[in-house]
Each structure stands twice: as C-alpha cells, then as structure tokens.
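Geometric and topological summary
Here is what each chain is made of, one letter per residue.
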Amino acid sequence: MAILVTGGAGYIGSHTVSELLDHGEEVIVLDNLEKGHREAVLAQTFIHGDVRDRELLDQIFRRYDVEAVVHFAAYSLVGDSMKDPLAYYDNNVAAAQILLTKMIEHGVKRIVFSSTAATYGEPRQIPIQETDATEPTNAYGETKLAIEKMMKWCEQAYGLRFISLRYFNAAGAHPDGHIGEDHDPETHLIPIVLQVALGQREALSIFGDDYPTEDGTCIRDYVHVMDLAQAHRLALEKLRETGKSGIYNLGSGTGFSVKQVVERAREITGHPIPTRVAPHRPGDPAVLIASSQKAREELGWRPQFEDLDTIITTAWAWHRSHPNGYRKEEMRG
Ligand SMILES: NC(=O)c1ccc[n+]([C@@H]2O[C@H](COP(=O)([O-])OP(=O)(O)OC[C@H]3O[C@@H](n4cnc5c(N)ncnc54)[C@H](O)[C@@H]3O)[C@@H](O)[C@H]2O)c1
Ligand SMILES: O=c1ccn([C@@H]2O[C@H](COP(=O)(O)OP(=O)(O)O[C@H]3O[C@H](CO)[C@H](O)[C@H](O)[C@H]3O)[C@@H](O)[C@H]2O)c(=O)[nH]1
C-alpha cells in the first residue's frame, strides 16, 4: 500500500517524504513543479502533474494501491492571496474538491492535510488552541479553513477520515543537509536573514518595530520542518489505528521576535546582518504562538529540534552548501 504525497517536491513535502521513506513507507509524489524542485523528490515514483487533473488522478488511483493521501500542494503566500484570491480558491479549494472527489470515487478514505495558523486570524488568546475562533484575516487562511470544512462534511457523508495539521512557522532543513528550503521568491524570515548573511541581500527589512511586543517586532512560533514531518507520519499512523479525524496545531509553544531571530542568526553565522525598519506587512498579527498540547497527547508528537538555534543552524548549513538552492549545480555550469 502506498501513500500519495501531493506537493512532495516542495519544502515541507520533501522533508515529509524523507521521513516516510525512512520509516519504510512506499511513497508516490505528485507535483506540478510550479514551485517545487525535481531534485527534492526522494521518492522512487514521481508523477509530474497537477492535482486538478481529474484523468491523471483516475490513472494514479487505478494504477497504485493508495492507502492515504498527504496533501501539501497549494499556494501559500498571504500577500499574493490578497492580490489574486481567485487563484487561491482555484489551486487550494477547487483542487482539494477534485482530489477529495477522486479519493472517494476510488475508495481512498484517509487524508492528512496541510493547514495553517492563518486559519485563526488575529488571535484572541495566546497560546492559540484548536478550539479558538477561526476568523482568517487573509484569503489564504480562508481557503485552508474552507478545505477543513469540506473534509468535515465529507466525513459525515462518505466516511472520509482526515487529520488537518495547522502549522505555525515552518523553518530549518534536513540535518543531513541534502534538502532544505528553496522558495522563489523567498518571503520567509529565516531564509531571508540567511541570504543577508550570505551576502545575497544587503539588509533585512523588518516589517514594523512598533508592535505591542517587548522589542516592537512581531513574535512567531518557529517549528522545525523535520518535526512537522514527524507529525505527518504520526497522523497517518493515527488514522490507520483509530480512524479518528482531528485538527492539530503544530508549533514549539515558544515565540521569538524578528529581532531575536536576527540576533541568534548573527551569533550562529558570525555575520553582522544589517537591518532596516520597513512598514508593516498587511495582515501580520503581532503575536502567533501555538499550544501543541493536543498533538503531543493524541498523536504522541515529540519534537526533536525544538530550539531556535537548531532551526537556524540546520537552515544555515543548507543555505551555505546550496547558496542558489537546488539550482546550485546548474549555476556552476
Ligand atoms: N511554509 C510554511 O511556513 C507553511 C505554514 C503553514 C502551512 N503551510 C502549508 O504547507 C504546504 C506546503 O508548504 P511549503 O512551504 O512546502 O510550500 P511549497 O510551495 O514549497 O510546496 C508546495 C508544492 O506543491 C506543488 N503544487 C502546488 N500546486 C500544485 C498543483 N495544483 N498540483 C501539483 N502540485 C502543486 C508546488 O510545485 C510545490 O512543490 C502548503 O499547503 C502550505 O499552505 C506552509
Ligand atoms: O523580510 C521579512 C520577512 C518577514 N518578516 C517578519 O517575520 C515574521 C515571520 O514572517 P514569515 O513570512 O516568515 O512567516 P509568516 O508568519 O508571515 O507566515 C507563516 O505563517 C502563516 C500563518 O500565520 C502562514 O501559514 C504562512 O504560510 C507561513 O509562511 C513576520 O512577523 C514578518 O513580518 C520581516 O520582518 N521581514
């Protein structure tokens, strides 16, 4: 029996594929490579195609004995989602609807889904719990919430079983150094900070230093990508063993401000990392910190790379050895 991983050529998907293979799972990756990288695909079976391609899904589900789907494929940039929400409804909501339809048609009833802290919007309390209100402040979060709700109704109607994992800020790289984060354009804080350390950018723009936090910069909960990978493996096991659906936050439970991240990165890289203050980025809440107690209790999640220094150190190892991401060899010509 195989696990179909959509978006397995992307950042979190590729690390999860690595984790699943290490635990003896048979993995099939489906990715259109719009954002992902062929070099990041560690699975033996790679299908270059789109989740919205109904015929392709029919072929995959006929040909392989798929036990469950892990669904990463999506658009995931908050700012972009505000400029072109319909593209997000198409690639996130419509794609999930097609995928779920084909799963049900072919009798595949288990799915682990990439959700996000953006489903909560501006938090009413910290740390955020799964039972808190979900009022997304951007179209991206709204599409992920819509998919969670779609899965809930599919459970009632067709017996689908789902685990939705709401990640906070994914960061870090595989400790082996062979896969890591390579987004184009890069918008995430830690890789941008490390690109400054590599001399690829002049300075980090800090999006606001007048937030109601101790040092005025936004606080986020950074969670190592390998710990996210572990959670997906455990979620699959949980679905197999209990058939129980659920929604789980995944974060470290500790928040760091933008300035604190820069300070740690200065120490680890030995580079001064100049910064300048820039305007707020629309839709950025001041503080996002997860309570991940439910994932620890119900999934048995035990993060191994929890502290910020480990996150930055593994990311730094990846960026130093792959200054142009997966295009390294190509650039060297
Ligand atoms: N990176 C984060 O901090 C973060 C936080 C919360 C949630 N998420 C969610 O996790 C998932 C993975 O995020 P990531 O950072 O690894 O993103 P990513 O862009 O690196 O990976 C997404 C992958 O999906 C593929 N893809 C996109 N649309 C597709 C389609 N229609 N058909 C086939 N393949 C398609 C892309 O080519 C890419 O390889 C996303 O669903 C995202 O919303 C990410
Ligand atoms: O150049 C930069 C980039 C980021 N930041 C700040 O650094 C923090 C982290 O920003 P990221 O872009 O790295 O991450 P986000 O918190 O915006 O977004 C992450 O968490 C979201 C949930 O809130 C979504 O899930 C999204 O997909 C995921 O990347 C924010 O306060 C942001 O304002 C800067 O100051 N300068």
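Analysis parameters
- Position labels on residues start from 1 in each chain and follow its written sequence.
- As they are written, the chains are lettered A onward and the ligands numbered 1 onward, keeping that order.
- The model is predicted, so local features are restricted to residues of pLDDT at least 70 and side-chain atom pairs to those at 80 or more, both for listing and for counting; the totals for chains, interfaces and linings are taken over all residues.
- For the side-chain quantities, the full set of heavy atoms in the structure was used; hydrogens and water were omitted.
- In plain words, nonpolar cores are sets of buried Ala, Val, Leu, Ile, Met, Phe, Trp, Tyr and Cys residues tied together by side-chain atoms within 4.5 Å.
- Relative accessibility decides the category of a residue: with a 1.4 Å probe and only protein chains considered, values under 20% of the type maximum give buried, values over 50% give exposed, and everything between is partly exposed.
- Domain segmentation is taken from an automatic or database assignment of domains.
- Here, residues are in contact when the closest pair of their heavy atoms is within 4.5 Å.
- By definition, a salt bridge exists where a carboxyl oxygen of Asp or Glu is found within 4 Å of a side-chain nitrogen of Lys or Arg.
- Each helix corresponds to a stretch of at least 4 residues labelled H or I by DSSP, and each strand to a stretch of at least 2 residues labelled E; elements are numbered beginning at the N terminus.
- We call two strands paired when DSSP finds no fewer than two bridges between them.
- To obtain an axis, a line is fitted to C-alpha atoms, over the contacting stretch when the element is a helix, and the angle between two such axes runs from 0 to 180 degrees between their N-to-C directions.

Counting residues in each nonpolar core, the largest one holds 33 residues, and the members touching the most others are Val5, Ile12, Leu165 and Leu250. Two domains each put at least three residues into this core: domain 1 (2-171 + 222-250) and domain 2 (189-220 + 253-326). Ignoring sequence-local partners within four residues, the contact set of leucine 165 consists of Val112, Phe113, Ser114, Ser115, Thr116, Ala231, His232, Ala235, Tyr248, Leu250 and Leu299.

Evaluation of the coordinates by the stated rule reveals 18 salt bridges. The shortest N-O distance in the salt bridge between lysine 102 and glutamate 105 comes to 3.0 Å. Here lysine 102 and its partner glutamate 105 are both found in helix α4 (residues 85-105), 3 residues apart, which amounts to about one turn of the helix. Residue classification places glutamate 105 among the exposed positions, given a relative accessible area of 51%. Ionic pairing is found between arginine 166 and glutamate 148, a salt bridge with its closest N-O pair at 2.6 Å. Here arginine 166, found in strand β6 (residues 161-167), pairs with glutamate 148, found in helix α5 (residues 139-158); they are 18 residues apart in sequence, far enough to count as distant. Glutamate 148 shares its class with arginine 166; the two are buried.

Pairing between sheet strands relies on hydrogen bonds along the backbone, with the strands arranged either parallel or antiparallel. Overall, parallel pairing links the 7 strands, which are arranged β3-β2-β1-β4-β5-β6-β11 in an open sheet. Each of the sheet's edge strands pairs with one partner strand only, and the pair in question is β3 (45-48) and β11 (246-250). The sheet shows a mean angle of 20° between the axes of neighbouring strands, direction not considered. Sheet analysis places strand β1 (residues 2-6) next to strand β4 (residues 66-71), joined by 5 bridges and oriented parallel. Paired with alanine 2 across the strands is valine 66, a residue of β4. Against the sheet, helix α2 (residues 54-63) engages β1, β2 (26-31), β3 and β4, with an angle of about 170° to β2.

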